[in-house]
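Survey of secondary and tertiary structure
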Amino acid sequence: MKDAGCDREIIIEICRLYTDGQIQDAVKVLRRHRCNLMEQLHESQSKVDCLDFLIRKIEKSQK
């Protein structure tokens, strides 16, 4: 879970839920974490797209 970017609190919560037999709740926590990571990924991709645009624009202006 650590390799997947889960912090200590999330790991503890998932382990507790799993140990208590609340498997579906543990999966929900994992899915929520995945959703947060995907949002971060999309935000980063948007920033990269903006940088790519600026790079192209600057390179075109030098020609």
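These notes cover the structure that comes with them.

Rules of the game
Residues numbered from 1 in each chain as written. Predicted model: local features only at pLDDT ≥ 70, side-chain atom pairs only at ≥ 80, totals over all residues. Heavy atoms only, no water. Helix = DSSP H or I, 4+ residues; strand = E, 2+ residues; numbered from the N terminus. Contact = heavy atoms within 4.5 Å. Expected span 1.5 Å × (residues − 1). Buried < 20%, exposed > 50% of the residue type's maximum accessible area, 1.4 Å probe, protein only. Core = buried A, V, L, I, M, F, W, Y, C linked by side-chain atoms within 4.5 Å. Salt bridge = Lys/Arg side-chain N within 4 Å of Asp/Glu carboxyl O.

Some points on the environment of Y18
As for its position among the elements, Y18 is in helix α1 (residues 8–19). Once you skip the residues sitting within four places of it in the chain, Y18 turns out to touch I23 and A26.

Concerning helix α2 (residues 23–61)
Helix length check: α2 (39 residues) gives 57 Å between terminal C-alpha atoms against 57 Å at 1.5 Å per residue, within 8%. Those residues of α2 lying buried are A26, V29 and H33. Check the buried side of α2 and you find it contacts α1.

Here's the deal with the nonpolar core
Among the nonpolar cores identified, the biggest contains six residues, and these are C6, I10, I14, L17, A26 and V29. Elements that contribute at least two residues to this core include exactly α1 and α2. The biggest single contributor to this core is α1, with three residues. Excluding residues within four positions of it along the chain, I14 makes contact with M1, A26, V29 and L30.

Here's the deal with the pattern of salt bridges
Across all of its chains, the model carries one salt bridge by this definition. Ionic pairing is found between R16 and D20, a salt bridge with its closest N-O pair at 3.8 Å. Residue classification places R16 among the partly exposed residues on the basis of a relative accessible area of 44%.

All quantities given are derived from atomic positions and should not be read as evidence of function.
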